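# Examination of the molecular architecture
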Amino acid sequence: MTYFNFTKVAPPSPSDPLVNVTTHLNNNWDEIETKFSSLITMSGNIINAEAGQEAVGSVAQSFYVSNGAPFVMRSADDIQTSWSAWTAIPLNAAVVARASFTPRYRTNSVLRLAELSGGVQKDAPASAWPAALVVITNLLPLSIVPIGNLSFQQSAAAIPTTPANGSAGYHLIDTNGPNTRIQVRYAGGPGGGNFIMLDGIKWWY
Amino acid sequence: MGSYTNNFKFYKPNPSEAVDVNSQLNKNLDIVDFHAKGLMDYELFNTQVSRIPTDVLSARKPGHKFYKPYSNSIYAEDTNPLLAPIQDASAFVSPWVDVNNANYIKTTSGAWAPYPSQPPAYRVITNQFTTATEIEWTGRLWLGGATLVIQFNYTPVMIIPPEAIPTVAKYFNVPAGNTTTGYSEVRVLINPSGNVDFFKLGQAVPSTSTENYVDLGAVRYNKDVGP
């Protein structure tokens, strides 16, 4: 059951030198008590820590992360506060924003996840979509291109005149030169509204 | 008579007393070794095989050992010896909120009901340091085993609690079952009013289909983003 290399005291024999109880024994217990007590309380620090090792922090019931030096801890990376602000997507001329549903994206630097919101139309009168890929934008930063340089996802769209034909937008996210590009292809029949939403579109980068 | 340290109860012998080396000195080393190993390891383990020792001197106090699963909640080992959950102050995932009752699921536009053993529920993804809130859904709805009729607008299927309502409407396409010749989906519309509407697209799904339900697992949205 050993984990540390403690040197245990051997049972005494007549030839043993004298042991000072206070300086040789009891001071050691006090030192161990002091150094390790923090590990069993809610406010812990790690002795001889390695970078990235976690301990329960002094903030109630949260984790701290060691930077490698003893007692030097930082707060753990918080996932929710790592989201960027929602930023309007610079739209390509082939599409326009659906009114009251501004196309936006945001990214999370810890998760390395990009996420979309809003909706697009082919043009202001909401004309029917062509049977072809349409560029929504090719001006997103290259730093958020999907892993593998390609992500292909479905989203909701306006109800077509013939609902049995279904309706959805199929989004293709990839690179285009120095940028990340989003293209969409409408699947289904034309109908009222002709919008394609971006809700639920997300990818890892 | 000597004394004991406060936390680990190391026995500190009096200089004038005779000391038993194994029971009073080496035992202390075993105690600190035992405690420190568990505290410096970082792991999830099977609570059924790792029991709290019964020895008084080496017994752990409640909360001696902490675990962090992916939810960011902290679990502290207790003396019972079950794991007692402690919610991390900055945890970002709430418990699932059950909407499996008539307050939320409406039968006025069809006999919608929770799919057996997989009731609809949502959870709030946020923490105390931010107001940006995501809502994630799970579970399924069905028409009590009846055929999912094609091209039918169900308004509303659910009326959801205010904390899950988005600022602007959200749209999702989700799976809605298959037939021998085709496949269907439902467009889920979550309105700022709190109404959740279904619009059925594709083929009618017979009651005998093994996928005769609407699965909400793909519905996840940020409720705060504006128009």
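How each quantity is defined
Residues numbered from 1 in each chain as written. Chains lettered and ligands numbered in written order. Predicted model: local features only at pLDDT ≥ 70, side-chain atom pairs only at ≥ 80, totals over all residues. Heavy atoms only, no water. Helix = DSSP H or I, 4+ residues; strand = E, 2+ residues; numbered from the N terminus. Buried < 20%, exposed > 50% of the residue type's maximum accessible area, 1.4 Å probe, protein only. Areas by Shrake-Rupley, 256 points an atom, 1.4 Å probe, with all protein chains shown as cover. Contact = heavy atoms within 4.5 Å. Pairing = 2+ DSSP bridges. Axes fitted to C-alpha atoms, helices over the stretch in contact; angles between N-to-C directions. Phe/Tyr/Trp six-rings, centres within 6.5 Å; stacked < 30°, edge-to-face > 60°. Lys, Arg positive; Asp, Glu negative; His and termini not counted. Salt bridge = Lys/Arg side-chain N within 4 Å of Asp/Glu carboxyl O. Polar contact = N/O pair within 3.5 Å; in protein donor to acceptor, adjacent residues only side chain to side chain. pLDDT = per-residue confidence, 0-100.

## What to know about the overall build of chain B
A tally of regular secondary structure across chain B gives one helix and 16 strands. Across the 227 residues that make up chain B, the buried fraction comes to 50%. Accessible surface, chain B as shown: approximately 10,200 Å² in total, 54% of it carbon and sulfur.

## Brief notes about the overall build of chain A
Tallying secondary structure elements over chain A gives one helix and 14 strands in all. Within chain A, contacts between residues at least 6 apart in sequence are counted, and of these 56% link residues at least 24 apart. Here chain A displays about 9,800 Å² of accessible surface, and carbon together with sulfur accounts for 56% of that area.

## Remarks on the sheet that holds strand β12 (residues 179-188) of chain A
Remark on secondary structure: sheet strands pair via backbone hydrogen bonds, oriented parallel or antiparallel. Residue and element names in this part refer to chain A. Taken in spatial order, the four strands of this open sheet run β9-β12-β11-β10, and their pairing is antiparallel. Strands at the two margins of the open sheet, each flanked by one partner only, are β9 (134-141) and β10 (150-155). Averaged over neighbouring strand pairs, the angle between their axes works out to 20° when direction is ignored. The pairing of β10 with strand β11 (residues 167-176) spans six bridges and is classified as antiparallel. Note that in β11 the partner of Gln154 across the bridge is Tyr170.

## Regarding the packing of aromatic side chains
Per the counting criterion, the structure on display carries nine aromatic pairs over all chains. On the numbers, 6.1 Å between centres and 65° between planes, the contact of Phe101 of chain A with Tyr171 of chain B is edge-to-face. In this pair, Phe101 of chain A sits in the loop between β5 (96-97) and β6 (104-108) while Tyr171 of chain B sits in strand β12 (residues 170-178), so the two residues belong to two different chains. With a relative accessible area of 11%, Phe101 of chain A lands in the buried category.

## A few points about the sheet that holds strand β7 (residues 113-117) of chain A
Residues and elements named next belong to chain A. Pairing is antiparallel in the open sheet, where four strands are placed in the order β4-β6-β7-β14. Bordering the open sheet on either side are β4 (87-88) and β14 (202-204), each of which pairs with just one other strand. Two strands pair when backbone bridges link them, and β4 and β6 are joined in this way by two bridges, in the antiparallel orientation. Residue Ala88 lies in a different strand from β6, and its bridge partner there is Arg104.

## Quick look at the side chain of Arg187 of chain B
Note on placement: Arg187 of chain B falls in strand β13 (residues 183-190). Buried charged residue Arg187 of chain B carries no salt bridge. Nearest counter-charge: Asp197 of chain B, at 7.4 Å. Engagement of the side chain of Arg187 of chain B in a polar contact is seen with the backbone oxygen of Ala157 of chain A, the distance being 2.7 Å. Beyond its immediate stretch of four places on either side in the chain, Arg187 of chain B contacts Ala156, Ala157, Ala158, Ile159 and Phe195 of chain A together with Tyr171, Phe172, Asn173, Asp197, Phe198, Phe199 and Leu201 of chain B.

## Some thoughts on the environment of Lys12 of chain B
Examined against the element boundaries, Lys12 of chain B turns out to sit in strand β2 (residues 11-12). In sequence terms Lys12 of chain B and Gln24 of chain B are twelve residues apart; their C-alpha atoms lie 8.2 Å from each other. With sequence-adjacent residues up to four places away left out, Lys12 of chain B is seen in contact with Asn26, Trp29 and Asp30 of chain A together with Gly2, Ser3 and Thr5 of chain B.

## Digging into unusual backbone geometry
A cis geometry characterises the amide bond from Thr155 of chain B onward to Pro156 of chain B, with omega recorded as -15°. Even without being a glycine, Ser100 of chain A presents a positive backbone phi close to 70°. Counting through the fold element by element, Ser100 of chain A comes out in the loop between β5 and β6. The exposure class assigned to Ser100 of chain A is partly exposed, which follows from its relative accessible area of 49%. Unusually for a residue other than glycine, Ala126 of chain A sits at a positive phi of about 60°.

## With respect to the pairing of β11 of chain A
All names here are of chain A. With seven of ten residues buried, β11 is to be regarded as a mostly interior element. As defined by bridge partners, β11 adjoins β12 across ten bridges and the pair is classed as antiparallel. In the strand pairing of β12, Leu172 is matched with Gln183. Between the antiparallel neighbours β11 and β12 lie two residues, among them Gly177 with a positive phi of about 60°.

## As for the environment of Thr107 of chain A
Residues and elements named next belong to chain A. Relative to the helices and strands, Thr107 is located in strand β6. Since its relative accessible area comes to 15%, Thr107 is described here as buried. When near neighbours in sequence (up to four residues on either side) are disregarded, Thr107 contacts Ser82, Trp83, Ser84, Leu113, Ala114, Ile144 and Tyr205.

## Here's the deal with the confidence of the model for chain B
Residue and element names in this part refer to chain B. In the predicted model, chain B carries a mean pLDDT of 75, and 71% of its residues have values of at least 70. When the criterion is pLDDT under 50, residues 40-64 qualifies, and its contacts beyond four places in sequence or with other chains add up to 58 contacts. With pLDDT under 50 throughout, residues 78-84 is counted as low confidence; its partners more than four residues away or in other chains account for 19 contacts. Predicted complex metrics record ipTM = 0.70 and pTM = 0.69.

## Comments concerning the pattern of salt bridges
Within the structure shown, the criterion is met by nine salt bridges over all chains. Within the structure, one salt-bridge network assembled from shared partners comprises Arg106, Glu115 and Lys202 of chain A together with Arg123, Glu134, Glu136 and Arg220 of chain B.

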